Structure formats: C-alpha cells, structure tokens
Amino acid sequence: MRVVGITGRSGCGKSSATNFLREQGYPCIDADLVAREVLLPGSACIPQLQAAFGTDIADENGEVRRRLLADRAFATLEGTAALTAITQPEIYHRLDLAMAEARQAGEKLVQLLRVAPAVAKVNDAVRLLTLHGAHHIVHIAVGIG
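As a starting point, this report considers the structure included with it. None of the values given here were measured: they were computed from a predicted structure. (Residues numbered from 1 in each chain as written. Predicted model: local features only at pLDDT ≥ 70, side-chain atom pairs only at ≥ 80, totals over all residues. Heavy atoms only, no water.)

### With respect to the environment of arginine 65
Test applied: Helix and strand labels come from DSSP, where a helix needs a run of H or I of at least four residues and a strand needs a run of E of at least two; each type is numbered from the N terminus. Each residue's exposure class comes from its accessible area (1.4 Å probe, protein chains only) as a fraction of the maximum for that residue type: buried when under 20%, exposed when over 50%, partly exposed otherwise. Should any heavy atoms of two residues lie within 4.5 Å, those residues are counted as being in contact. Pairing of N or O atoms within 3.5 Å defines a polar contact, subject to two protein rules: one partner must be a possible hydrogen donor and the other a possible acceptor, and residues neighboring in sequence count only if both atoms are side-chain atoms.
Within the fold, arginine 65 resides in the loop between helix H3 (45-53) and helix H4 (66-73). For arginine 65, a relative accessible area of 36% puts it in the partly exposed group. Taking the C-alpha atoms as reference, arginine 65 lies 9.4 Å from leucine 39; in sequence the two are 26 residues apart. Those residues in contact with arginine 65, other than ones at most four positions away along the chain, are Asp56, Ile57, Ala58, Asp59 and Glu60. A distance of 3.4 Å separates a polar atom in the side chain of arginine 65 from the backbone oxygen of alanine 58.

### Considerations on H4
Here is the rule: Summarising the geometry, the arc corresponds to the directions from the helix axis toward the C-beta atoms.
Within H4, the full set of buried residues consists of Leu69, Ala70 and Ala73. Buried residues in H4, looked at end-on, bunch into an arc of 100 degrees, giving them a common side. The inward-facing, buried residues of H4 contact H3 and helix H5 (77-104).

### Focus: the packing of H3 against H5
This is how it is decided: Throughout, an axis means a line fitted to C-alpha atoms (over the contacting stretch in the case of helices), and angles, computed between N-to-C directions, take values from 0 to 180 degrees. Geometric relationships in this document are graded by angle, where less than 35 degrees denotes roughly parallel, more than 145 denotes roughly antiparallel, 65 to 115 denotes roughly perpendicular, and other angles denote oblique. Amino acid classes used here: Ala, Val, Leu, Ile, Met, Phe, Trp, Tyr, Cys and Pro are nonpolar; Asp, Glu, Lys and Arg are charged; the rest, including Gly, are polar.
Contact pair H3 / H5: the axes reach a minimum separation of 10 Å and the direction vectors enclose 170 degrees. Compared by their axis directions, H3 and H5 come out roughly antiparallel. Each of Cys45, Gln48, Leu49, Ala52 and Phe53 in H3 lies in contact with H5, whose residues at this interface are Gly79, Ala82, Leu83, Ile86, Thr87 and Glu90. Each residue belonging to the contact of H3 with H5 can be placed in one class, and the counts come to seven nonpolar, three polar and one charged.

### Re the pattern of salt bridges
As a reminder of what qualifies: A pairing counts as a salt bridge when a side-chain nitrogen of Lys or Arg comes within 4 Å of a carboxyl oxygen of Asp or Glu.
Tallied over the full model, the rule gives four salt bridges. Between glutamate 37 and arginine 94 there is a salt bridge, with its nearest N and O atoms 3.8 Å apart. On the criterion of sequence distance, the pair formed by glutamate 37 in helix H2 (residues 31-37) and arginine 94 in helix H5 is long-range, its members being 57 residues apart. When its relative accessible area of 29% is taken as the criterion, glutamate 37 is described as partly exposed. Between aspartate 71 and arginine 67 there is a salt bridge; the shortest N-O distance is 3.4 Å.

This is the structure:
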C-alpha cells in the first residue's frame, strides 16, 4: 500500500484535490481531524494535558478549551514540546490504526490530508499543493505501485 501525504498552505486546494481523489475511490485520512479527535471528551490525552497546562483547560463536560490550551502551550518552547509529547503518540497511533484498516481492506493508495511535517514519516510521498495567482488548478501525479 502506498501512503501519500497532501500538505500546503491554507486555501491552496488540499481539500479540493482530496475530494477529487475520494470521488475516484481513494480513501482519505484527515490528519487534522485525527489531531482534533485526541482533544475530544474522554480522550486519554486530556488528563495529561490538564496536568501539564492546568485543570481549567477542560470544562466541566470534558470539552477542551482549545484557545486556552493553545495560549498556554505555545507561550514557551517547553510548552509546545509538552503538547507535542502528549498528543503526538496518540495521533500516530490513530493514524496507524486507520492505515491498518485501509491495508486490511486491500487499498493500494491512501491519502493523508493536511499532513504536518512531523507526520511525514508515515508517508511514502508528500505532495505540496500550491496555487499560482488566481488559478485554481492543482496537478497531482501519483504512481500506484
């Protein structure tokens, strides 16, 4: 199975390109969505994040106050490193599970959408999508092996 990551700046066409590939029958794993899932109520990451950044980063319903967490985590390099150390293993685990499901289903190609550079280690290739001027044309060349 080949895994291809799609990344690029905001508004460059990642979602459009991925929607096109989905329509062609290729599965897609949205890494941004996976990263948000690790902050949902009940996630094992939340108690660790509370220990690192304060219990008030989650409300009484277990919802993470994302702005407060970001303000605290990104205030220092150490905070950013702590956030990464807590969430990244769970993100990788969930991506691994999703790719294992695709492999089990016999998929030949899986797209990882909105891939951060750190996630690139799980990819066979990373495609950077860019737009030039007002043109909304995206060229993707992927060989399926």
